[in-house]
Amino acid sequence: MSASRTIIVVGAGIGGLTASLTLASKGFRVVVLEKSDHLEEVGAGLQLSPNASRVLTGLGLQERLALQAVVPEAISIMSARAGGELVRLPLGDAASARAGAPYWVVHRGELQQALAAQASENPHIELRLGCHFEDTAPHAKGLTVAYRNGSSHQQELATALIGADGVWSTVRQHIFPEVQPRFSGLIAWRATLEISQLPREYSARRVQLWMGPNAHLVVYPISGGRKINVVAVVPGTWNRPGVSPPGDAFEIRDVFSPSQWPAPARMIVGAVDKWLKWGLFGVPEGSPWSKGPVALLGDAVHAMLPFAAQGAAMAIEDAAVLANLLADGAASPAEVTATFKRYGDLRRARVMRVQRTARQAGHIYHLTGPMALARDTVIRALGAQRMLARQEWIYSWRLDRPPQGASLSTAQ
Ligand SMILES: Cc1cc2nc3c(=O)[nH]c(=O)nc-3n(C[C@H](O)[C@H](O)[C@H](O)COP(=O)(O)OP(=O)(O)OC[C@H]3O[C@@H](n4cnc5c(N)ncnc54)[C@H](O)[C@@H]3O)c2cc1C
């Protein structure tokens, strides 16, 4: 295949690997540069709603994920103030059939491995591990991309460059140095438990969202139901890139105190010995998506608070849209530039709305006092079907169909 059809993707996270598959499916040769020497099990659980799983099943991932992805029967919205469940949103196989795609909960590492395995079987995709993107410069037929592999400096010619290199993106830093991630003041404490570490009722295929004063807790099965993913979100000051050293289990147990949290929530937090802390950063809403033949994708352009459970889902949608647009004919640098501009124009409004939804969800989850009582009353009054209907504009997204209206988040 000619170099004029080569696209370089920086980053082999969920966004970059999905983009390699969508682009290869449109006939491009794709080189993925990943700075890590091996794909580590970074992160923990991810919820993938039908808008994202639809893209992945379209790429043939369903069989590969069959043993790992769990289809939850429901999302239970729980209130610390009320002491238990407010409403149970039904999901399960019937909802998957209605949506035409499953709602999955999956370990991020297992999803990444499945995507990488799919990419490695595709002759049009080359995954180069241990390769740090460093620089790019325009070239008569596209651009030259410079990267480092150990002590060796290398270059590659390409039609286009896609920065899928996460919230601390070097590609973004290169084209938009003024765009800087912002710390939210919130920390996600993440842990994974063996199913045997919790009482039997926690083996149910259900997502539990516990809302409480200035904190929330999300719990769901992953790894084919063999493990439980636990995320506790609390205010904090850890604001350096990446994962912190292990969090102090006593510190987080103090936040989930008996005076404010009922026993089931405290039992889950208390079962964890080993926590990892993640400072939650966002890329400012409305940040630019592309410059010339360089485009950004996923967290590099729209890292968001995880409370709508849509960060990876939006990266997956980006990958589908981008490949579709490029396939419509983008050979010259001018055509690629115009296509990337159109990509940003198509994605911006939806992604910003999801970012806002996630931010608002965080406020709602963490309400205290009379405001928490009002929240619980409204959620009960709305009931399961109307709560689910409010997610429809997110979940019903399809590549070939414009999105629908309405908002409010319930997930993480
Ligand atoms: C607590 C928490 C819960 C979440 N829950 C959900 C959820 O339920 N559902 C959901 O959809 N999303 C969720 N998210 C968000 C989701 O994890 C991210 O949005 C998603 O993983 C971003 O994927 P990405 O591919 O854009 O970036 P990343 O996963 O960050 O991947 C970037 C890759 O680029 C590589 N890289 C970086 N710099 C370079 C360089 N210079 N050269 C080469 N390679 C480079 C990195 O090593 C990495 O592999 C959650 C996030 C958090 C923190």
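Here, every reference points to the structure presented above.
Residues numbered from 1 in each chain as written. Predicted model: local features only at pLDDT ≥ 70, side-chain atom pairs only at ≥ 80, totals over all residues. Heavy atoms only, no water.

Tracing the backbone shows Trp-275 in strand S17 (residues 275-282). Separated by 23 residues in the primary sequence, Trp-275 and Ile-252 place their C-alpha atoms 9.2 Å from one another. When residues no more than four places from it in sequence are discounted, the contact partners of Trp-275 are Trp-189, Arg-190, Ala-191, Val-230, Ala-232, Pro-246, Gly-247, Ala-249, Ile-252 and Val-269. (Helix = DSSP H or I, 4+ residues; strand = E, 2+ residues; numbered from the N terminus. Contact = heavy atoms within 4.5 Å.)

What follows deals with the packing of helix H1 (residues 14-25) against helix H5 (residues 108-120). Viewed as axis vectors pointing N to C, H1 and H5 meet at an angle of 25°, and their least axial separation amounts to 9 Å. Considering the angle they form, H1 stands roughly parallel to H5. Between H1 and H5 lies a crossing whose hand is left-handed. Taking contact as the criterion, the partners of Ile-14, Leu-17, Thr-18, Ser-20 and Leu-21 in H1 are, on H5, Arg-108, Leu-111, Gln-112, Leu-115, Ala-116, Gln-118 and Ala-119. The residue makeup of the contact of H1 with H5, split by class, is 7 nonpolar, 4 polar and 1 charged. (Axes fitted to C-alpha atoms, helices over the stretch in contact; angles between N-to-C directions. Parallel < 35°, antiparallel > 145°, perpendicular 65-115°, else oblique. Left-handed = near helix turned anticlockwise from the far one by under 90°. Nonpolar A, V, L, I, M, F, W, Y, C, P; charged D, E, K, R; others polar.)

Looking now at the site of the ligand. Around the ligand there are 31 residues in total, and Gly-15, Glu-34, Gln-47, Phe-133 and Asp-299 lie nearest to it. In the environment of the ligand, an oxygen atom lies 3.0 Å from a nitrogen or oxygen atom belonging to the side chain of Arg-108. Here Phe-133 contributes a backbone N or O atom positioned 2.9 Å from a nitrogen atom of the ligand. Contributions of two or more residues to the shell around the ligand are made by H1, strand S2 (29-34), strand S3 (45-48), strand S8 (131-139), strand S12 (182-194) and helix H10 (311-327). Taken together, the residues that form the shell around the ligand break down as 13 nonpolar, 12 polar and 6 charged. (Near = heavy atom within 4 Å. Polar contact = N/O pair within 3.5 Å; in protein donor to acceptor, adjacent residues only side chain to side chain.)

Core analysis: the biggest nonpolar cluster contains 114 residues, and Leu-23, Leu-48, Leu-111, Leu-161 and Leu-297 have the highest contact counts within it. Here this core takes 12 residues from H10, the largest share from any one element. If we ignore the near neighbours within four places in the chain, the residues touching Leu-161 are Ile-8, Val-10, Phe-133, Thr-136, Leu-143, Val-145, Val-171, Pro-293, Val-294, Ala-295 and Phe-340. Counting residues in each nonpolar core, the second largest holds 27 residues, with Ala-80, Ala-191, Trp-210 and Leu-217 among its members. (Core = buried A, V, L, I, M, F, W, Y, C linked by side-chain atoms within 4.5 Å. Buried < 20%, exposed > 50% of the residue type's maximum accessible area, 1.4 Å probe, protein only.)

Attention now goes to the sheet that holds strand S1 (residues 6-10). Taking strand neighbours across the sheet as the criterion, the 6 strands line up as S7-S2-S1-S11-S19-S18 in an open arrangement whose pairing is mixed. The open sheet has two edge strands with one neighbour each: strand S7 (125-129) and strand S18 (290-291). Of the strand pairs in this sheet, S2 and S7 are connected by 5 bridges, and their pairing is parallel. Each bridged residue has a counterpart across the sheet, and for Glu-34 the counterpart in S7 is Leu-129. Its contacts with the sheet place H1 against S1, S2, S7 and strand S11 (160-163), and it is angled at close to 170° to S2. (Pairing = 2+ DSSP bridges.)

Any functional reading would require information that these geometric values do not contain.
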